[in-house]
Amino acid sequence: MKRRTVILLSTGAALAVLGVLLALALRYYEVTTVYVEGNVHYSNEEVMDMVMTGRLGHNSLFLALKYKDKGVDNIPFVQTMDVDILSPDTIRITVYEKALAGYIEYLGRYMYFDKDGIIVETSDQRTAGIPQVTGLHFGYVVMYEKLPVDNPEIFENILDITQLLNKYQIQADKIYFDKSMHKTLYFGKARISLGSNDNIGEKIMRLKAILPELDGKKGLLRMDNYSEEMQNITFEVDAE
């Protein structure tokens, strides 16, 4: 009888010790600092909400085990996320977003495509920083397949213009391509006719300086023939 009592007391003591150790571990490994890198489409808080889920979502030890050699995927616009434990109370979440060149509107949805023209994401909401591309002609859209346009070379043109816009930190609302692949950019009520790809780098660099002057204006800025030698730019105000 006495032996059984000793065993019960020992077991109870062990459970108590384990409980104390667990409480200390939970407190010691509680995340108080989070660094988020690489995110554009989602805020830091949104990224944290996606990763730090569940009752132990703020415990670095649990997160280290949960995401060991495993990224976070199946999130719209995100290729993957990696979670690194920097210290017991600090983690770093690195976001690797899908490389999007633009989007089209199709059947009430926004269809986002990459540099090769492959539809990689669909949403019922616009995403800031990704321009709408118009002037493309296609009969259907299939997820994870290339847009069936008449001239596939247009995607190289789209990539060229979006890379230049990103380089000079310019966000266009819309990019229109005509049948000759001449480009027109839309910024609010202002339109910028860029023409062909000739001297496109110089055009975009000059546009960066001009854009503040177009704020609130309605009309067409012609840069079709702009070059270092011929710097003729005109603005045609739209008739009311």
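Asker: Sorry if this is basic, but what is going on with the overall build of the chain here?
Answerer: A count of helices and strands for the chain gives 5 helices and 12 strands. Looking at the chain residue by residue over its 240 residues, the buried ones come to 37%. On the chain, roughly 14900 Å² of surface is accessible, and the fraction owed to carbon and sulfur atoms is 52%.

Asker: What is the right way to read the sheet that holds strand E3 (residues 90-97) from this model?
Answerer: The strands making up a sheet associate through hydrogen bonds between their backbones, and the pairing can be parallel or antiparallel. With mixed pairing, the 3 strands of this open sheet are ordered in space as E1-E3-E2. The outermost strands of the open sheet, each flanked by one partner alone, are strand E1 (33-37) and strand E2 (78-87). Strand after strand, the sheet turns through a mean of 15 degrees between neighbouring axes, direction not considered.

Asker: Explain the nonpolar core here, please?
Answerer: For soluble globular proteins, the rule of thumb is that nonpolar side chains tend to be buried together. Counting 36 residues, the largest nonpolar core has Phe113, Leu147, Ile161, Leu185, Ile192, Ile204 and Leu207 as its most contacted members. For this core, the elements supplying multiple residues, two or more each, are strand E5 (109-113), helix H4 (154-167), strand E8 (174-177), strand E9 (183-187), strand E10 (190-195) and helix H5 (200-214). Leaving out residues up to four positions away in the same chain, Leu207 has contacts with Leu185, Phe187, Ile192, Leu221 and Met223. With 23 residues, the next largest nonpolar core counts Val36, Tyr42, Phe77 and Ile93 among its residues.

Asker: Help me understand the layout of surface pockets in this model?
Answerer: The rolling of a water-molecule-sized probe over the atoms marks out the regions of remaining empty space. Space inside the largest pocket adds up to approximately 450 Å³. If you go around the largest pocket, you meet 21 residues; those closest to its centre are Leu100, Gly129, Ile130, Thr162 and Asn166. If one sorts the elements of the lining of the largest pocket by residue count, H4 sits on top with 5 residues. There is about 210 Å³ of room inside the second largest pocket. Lining the second largest pocket are Gly135, Leu136, His137, Val149, Asp150, Asn151, Ile154, Tyr176, Phe177, Asp178, Lys179 and Met181.

Asker: What am I meant to see in the packing of aromatic side chains here?
Answerer: Aromatic ring pairs are described here by two measures, namely the spacing of the ring centres and the angle between the planes. For the structure shown, the criterion picks out 5 aromatic pairs. Note on Tyr103 and Tyr110: the rings are 5.5 Å apart at their centroids and 85 degrees apart in plane angle, and the pair reads as edge-to-face. With centroids separated by 5.9 Å and ring planes inclined at 65 degrees, the aromatic side chains of Phe113 and Phe155 adopt a geometry described as edge-to-face. Here Phe113 is found in strand E5, whereas its partner Phe155 is found in helix H4, with 42 residues between them in sequence. Residue Phe113 is classed as buried on the basis of its relative accessible area, which comes to 0%. The class for Phe155 is buried, based on a relative accessible area of 3%. The ring of Tyr186 carries the charged tip of Lys174 above its face, separated from the ring centre by 4.4 Å.

Asker: Would you take a moment to explain the pattern of salt bridges for this structure?
Answerer: For the structure on display, the rule yields 6 salt bridges. One salt bridge in this structure joins Asp116 and Lys115, with 3.3 Å as the shortest N-O distance. Through salt bridges with shared partners, one network takes in Arg222, Asp224 and Glu236.

Asker: Explanation requested: H4 in the structure shown.
Answerer: An α-helical turn contains 3.6 residues, so a residue and the one three or four places further along point in the same direction. With 14 residues, H4 should cover 20 Å at 1.5 Å per step; its first-to-last C-alpha distance of 20 Å lies within 8% of that length. Among the residues of H4, Ile154, Phe155, Asn157, Ile158, Ile161, Thr162, Leu164 and Leu165 are the ones counted as buried. Against E5, strand E7 (132-134), E8, E9, E10 and H5 lie the buried residues of H4.

Asker: I keep staring at the side chain of Ser123 and nothing clicks. Help me out?
Answerer: Looking at the element boundaries, Ser123 is found in strand E6 (residues 119-123). Residues in contact with Ser123, not counting those within four places in the same chain, are Phe77, Arg109, Tyr110 and Tyr112.

Asker: For this particular structure, what's the right way to read the pairing of strand E11 (residues 219-222)?
Answerer: Every regular strand shows the same layout, with side chains that alternate between the two sheet faces. Across 4 bridges, the pairing between E10 and E11 is parallel. Paired with Ile192 across the strands is Leu221, a residue of E11. Handedness of the E10-H5-E11 crossover: left-handed. Sheet topology places E11 next to strand E12 (residues 234-237); 4 bridges connect them, and they run antiparallel. Following the sheet pairing, Leu220 is matched in E12 by Glu236.

Asker: I'm lost on the packing of H4 against H5 in this one. Help?
Answerer: The packing of two helices is summarised by the inter-axis angle and the distance between the axes. Close contact between H4 and H5 brings their axes to 10 Å; oriented N to C, the two are set at 35 degrees. For H4 against H5, the interelement crossing comes out right-handed. Together, Ile161, Leu164 and Leu165 of H4 and Ile200, Gly201 and Ile204 of H5 make up the contact between the two elements. Split by residue class, the contact of H4 with H5 holds 5 nonpolar, 1 polar and no charged.

Scoring rules and cut-offs
- Residues numbered from 1 in each chain as written.
- Predicted model: local features only at pLDDT ≥ 70, side-chain atom pairs only at ≥ 80, totals over all residues.
- Heavy atoms only, no water.
- Helix = DSSP H or I, 4+ residues; strand = E, 2+ residues; numbered from the N terminus.
- Buried < 20%, exposed > 50% of the residue type's maximum accessible area, 1.4 Å probe, protein only.
- Areas by Shrake-Rupley, 256 points an atom, 1.4 Å probe, with all protein chains shown as cover.
- Pairing = 2+ DSSP bridges.
- Axes fitted to C-alpha atoms, helices over the stretch in contact; angles between N-to-C directions.
- Core = buried A, V, L, I, M, F, W, Y, C linked by side-chain atoms within 4.5 Å.
- Contact = heavy atoms within 4.5 Å.
- 1 Å grid on protein atoms, 1.4 Å probe; cavity = no way out; pocket = protein on both sides within 12 Å on 5 of 7 lines; lining within 4 Å.
- Points joined across faces, edges and corners; volume = space filled by probe spheres on them.
- Phe/Tyr/Trp six-rings, centres within 6.5 Å; stacked < 30°, edge-to-face > 60°.
- Lys NZ or Arg CZ within 6 Å of the ring centre and 35° of its normal.
- Salt bridge = Lys/Arg side-chain N within 4 Å of Asp/Glu carboxyl O.
- Expected span 1.5 Å × (residues − 1).
- Right-handed = clockwise from strand over helix to strand, strands pointing away.
- Left-handed = near helix turned anticlockwise from the far one by under 90°.
- Nonpolar A, V, L, I, M, F, W, Y, C, P; charged D, E, K, R; others polar.

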